[in-house]
Amino acid sequence: MKFDMSRCLDALSLALDFAGTDTFDPKPNHSRRTAYVALAVADELGIPEEDKKDLYALALLHDNGIVMSGQDFNSLEQAASHCIHGEKNLAGLPLQKPRRNVIRFHHENYDGSGPFRVRGADIPLLARLIHLANTLEAEFDLWKLDPSERKRVREYALSGAGKRFDPDAAAAFQAAARKERFWCDMTFGNDMDSLHRRTPQIFYDFQWKDIVSISEIFMRIVDSKSRFTFNHSGGLAAHADTMSDFYGFTPDTKIQLHIAAHLHDLGKLYVPNAILEKPGSLDAAELACIKRHPYITKLVLEKIPFFEEIAAWAGNHHERLNGKGYPDNLTEKELDCQSRLLGVLDIYQAMTEERPYRKAVTHKEAVETLNGMVRLGYLDAKMVKDVSQTVWPLDGNIKLCDPCGD
Ligand SMILES: [Fe+2]
Ligand SMILES: [Fe+2]
Ligand SMILES: [Fe+2]
């Protein structure tokens, strides 16, 4: 069985587009369009297929370090910070070849005036291509067909040749942008299928444990969004492993639940920290915003091949047996064991962590709260009992369990 990594990274990049929510308006499909433009230039340059595969993967994830860096871009130093975090976070990403410094140098200018002062051929080619594509994507609304806008984009790329941009890449962009298809793909890419025309097919022999290296990348991004959640998804995955062993789940189910735990709050990238970290109570609009996060989690994960169950379990973690959960108001008969379990463990893990409005609670207090929710019909009584006897609060330095058990 083969796993379609292109589809997987493409879907996850949609969540990354929200990563800058706290400092600028998110631009939906920014990562996808950056990848498309980079590939269009790469096609003109005639670079080998295996380089294009890695270019595609890295362009989709080029901004993976934004959340960890504190999301501020007011100086070169701050731009450098998301490059450093992003490079480190992708260390486990499966690629065709090792690709050192592509993410680290994705804001370097060809003339050496970028954040790390690296210049010319010392910047990896893939980084130079991502820099050009990312800059054009960020500066312009490339999906607009307006001919005067197209001309401005071409002139902008050309005027940066040899300064901000690799001159060969800037020239190749001129060639790509002369084709009607380039702009049409971008315009009709709102439904996104047109952007897949250039997508290299990246298939790997399918093994769940390889997918964990991807889910860990996103777990670290989501957990770093707020200082209060630095351990949340990783901690949830550790508890999920403990309960998988307790219930005797198959190795496949255990690892899928582990991945679901890593990714359950992916949609929180959409929620501004001003809401996530608000010390007081939330108003109706803020609450509605927060309640969208499991919806977004599910929307993204449902696009990934083999992720049907992971998408359901992760996306259902705020559903409750009495139908008072969200986003789908599912009820007891619609919630399988793993969805219920992730819901219970999520509450337990969140309560045993500090929040802006309270300290972390003890195991005993967490169990009391869970039992109160059982009495009100929210949670499964037997499962809460099992969890309360099996799981304990994690200390600050949790050892992330290996879901494969080896
Ligand atoms: Fe960036
Ligand atoms: Fe970007
Ligand atoms: Fe959540």
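Residues numbered from 1 in each chain as written. Chains lettered and ligands numbered in written order. Predicted model: local features only at pLDDT ≥ 70, side-chain atom pairs only at ≥ 80, totals over all residues. Heavy atoms only, no water.

S.K.: Provide a residue-level description of the overall build of the protein chain, including the pertinent values.
M.R.: Looking only at helices and strands, the protein chain features 18 helices and 2 strands. In terms of overall size, the protein chain behaves like a compact globule, its C-alpha atoms giving a radius of gyration of 22 Å where 406 residues would be expected to give roughly 22 Å. Dimensions of the protein chain, computed from the C-alpha atoms along their principal axes, are close to 65 × 50 × 35 Å. A sequence separation of at least 24 residues applies to 69% of the contacts in the protein chain between residues at least 6 apart. Per element, the accessible surface of the protein chain, about 17,400 Å² overall, is 52% carbon and sulfur. For the protein chain, the centre of its 50 positive side-chain charges and the centre of its 59 negative side-chain charges are spaced 2 Å apart. (Helix = DSSP H or I, 4+ residues; strand = E, 2+ residues; numbered from the N terminus. Rg over C-alpha atoms; globule rule 2.2 N^0.38 Å. Contact = heavy atoms within 4.5 Å. Areas by Shrake-Rupley, 256 points an atom, 1.4 Å probe, with all protein chains shown as cover. Lys, Arg positive; Asp, Glu negative; His and termini not counted. Charge placed at Lys NZ, Arg CZ, Asp CG, Glu CD.)

S.K.: Please set out the domain arrangement of the protein chain residue by residue, giving values where relevant.
M.R.: Split into domains, the protein chain comes out as domain 1 (2–203) and domain 2 (208–390). One C-alpha centre belongs to domain 1, the other to domain 2; they are set 32 Å apart. Across the boundary between the two partners, domain 1 contributes 26 residues, which contact 24 residues of domain 2. Counting across the domain 1 and domain 2 interface gives 0 salt bridges. The interface formed by domain 1 and domain 2 contains 2 residue pairs in polar contact (both at pLDDT 80 or more). Of all elements in the fold, only strand S1 (2–4) and helix H1 (5–16) reach the threshold of two or more residues within the side of domain 1 that touches domain 2. (Domains from an automatic or database assignment. Salt bridge = Lys/Arg side-chain N within 4 Å of Asp/Glu carboxyl O. Polar contact = N/O pair within 3.5 Å; in protein donor to acceptor, adjacent residues only side chain to side chain.)

S.K.: Got a sec to walk through the coordination of the iron ion (ligand 1)? Specific residues and values, please.
M.R.: Around the iron ion (ligand 1), the protein contributes the donor atoms Asp 63 (OD), His 82 (NE2), His 106 (NE2) and His 107 (NE2), at 2.2 to 2.3 Å from the metal centre. Taken together, the 4 donor atoms coordinating the iron ion (ligand 1) span angles of 87 to 172° at the metal, a pattern that classifies the geometry as irregular. Counting gaps between the donor residues of the iron ion (ligand 1) yields the pattern D-x18-H-x23-H-H. Taken as a pair, the iron ion (ligand 1) and the iron ion (ligand 2) lie 4.2 Å from each other and share Asp 63 as a ligand. Of this pair, His 82 sits in helix H4 (residues 76–89) while His 107 is found in the loop between H4 and helix H5 (125–139), placing the two residues 25 residues apart along the sequence. (Donors = N, O, S within 2.8 Å, 3.2 Å for Na, K, Ca; no water. Tetrahedral: all angles 85-135°; square planar, octahedral: opposite > 155°, others 65-115°.)

S.K.: Help me get a handle on the coordination of the iron ion (ligand 3), residues and values and all.
M.R.: For the iron ion (ligand 3), the full set of protein donor atoms is Asp 265 (OD), His 293 (NE2), His 317 (NE2) and His 318 (NE2), at a range of 2.2 to 2.3 Å. Because the angles between the 4 donor atoms bound to the iron ion (ligand 3) fall within 82 to 164°, the donor set is best described as irregular. Binding-site remark: the iron ion (ligand 3) is held by donors from one chain whose sequence spacing is D-x27-H-x23-H-H. Of the two residues, Asp 265 sits in the loop between helix H11 (251–263) and helix H12 (273–276) while His 293 sits in helix H14 (residues 293–301), which places them 28 residues apart along the sequence. Accessibility classification places Asp 265 together with His 293 in one group, the buried group. (Buried < 20%, exposed > 50% of the residue type's maximum accessible area, 1.4 Å probe, protein only.)

S.K.: Requested: an account of the pattern of salt bridges, with residues and values cited.
M.R.: Enumeration according to the criterion identifies 25 salt bridges in this entry. Notably, a salt bridge pairs Asp 328 with Lys 298, separated by 2.9 Å at the nearest N-O pair. Here the residue Asp 328 occupies a position in the loop between helix H15 (308–315) and helix H16 (337–351), and Lys 298 occupies one in helix H14, the gap between them amounting to 30 residues. Note on Asp 328: relative accessible area 41%, which makes it partly exposed. Here Asp 386 ties to Lys 382 by a salt bridge, and the two come within 2.8 Å at their closest N and O atoms. Taken as a pair, Asp 386 and Lys 382 lie in helix H18 (residues 381–390) at a separation of 4 residues, close to a single helical turn. Residues joined by salt bridges that share partners form a network here, namely Lys 27, Arg 33, Glu 137, Asp 141 and Lys 144.

S.K.: Before we move on, could you go through H16 and cite the residues and values that matter?
M.R.: Under the 1.5 Å per step criterion, the end-to-end length of H16 is 21 Å for 15 residues, consistent within 8% with the ideal 21 Å. With 14 of 15 residues buried, H16 lies mostly within the body of the structure. (Expected span 1.5 Å × (residues − 1).)

S.K.: Which residues make up helix H9 (residues 208–223), and what are the values?
M.R.: Taking 1.5 Å per residue as the helical rise, H9 with its 16 residues ought to reach 22 Å, and the 22 Å between its terminal C-alpha atoms agrees with that figure. Most pronounced at Ile 214, the bend in H9 amounts to some 25°. Among the residues of H9, Trp 208, Ile 211, Val 212, Ile 214, Ser 215, Ile 217, Phe 218, Met 219, Ile 221, Val 222 and Asp 223 are the ones counted as buried. (Bend = angle between axes of the 7 residues up to and from the residue.)

S.K.: Give a description of the nonpolar core that names residues and reports values.
M.R.: Proteins that are soluble and globular tend to have nonpolar side chains buried together. Judged by nonpolar contacts, the single largest core of 105 residues is most densely connected at Leu 12, Phe 173, Phe 182, Phe 218, Leu 266, Leu 301 and Phe 307. Each of domain 1 (2–203) and domain 2 (208–390) gives at least three residues to this core. Leaving out residues up to four positions away in the same chain, Phe 173 has contacts with Val 37, Val 41, Leu 132, Leu 136, Val 153, Arg 154, Ala 157 and Phe 182. The next biggest cluster of nonpolar side chains, apart from the first, holds 6 residues, and it includes Val 271, Ile 275, Leu 276 and Cys 289. (Core = buried A, V, L, I, M, F, W, Y, C linked by side-chain atoms within 4.5 Å.)

S.K.: Give a detailed account of the environment of Glu 50, specifying residues and quantitative values.
M.R.: You can see Glu 50 is positioned in helix H3 (residues 49–60). Note on Glu 50: relative accessible area 36%, which makes it partly exposed. Separated by 30 residues in sequence, Glu 50 and Gly 20 place their C-alpha atoms 30 Å apart. The contact partners of Glu 50, leaving out residues within four places of it in the chain, are Gln 96, Lys 97 and Arg 99.

S.K.: Explain unusual backbone geometry to me, using residue names and the numbers behind them.
M.R.: At the junction of Tyr 326 and Pro 327, the peptide bond is cis and its omega measures out at 10° in the coordinates. By the secondary structure assignment, Pro 327 is in the loop between H15 and H16. Of note in this structure, Asn 29 is not a glycine but carries a positive phi near 70°. Looking at the element boundaries, Asn 29 is found in the loop between H1 and helix H2 (30–45). Phi is positive for Arg 117, which is not a glycine, with a value near 60°. Its location among the elements puts Arg 117 in the loop between H4 and H5.

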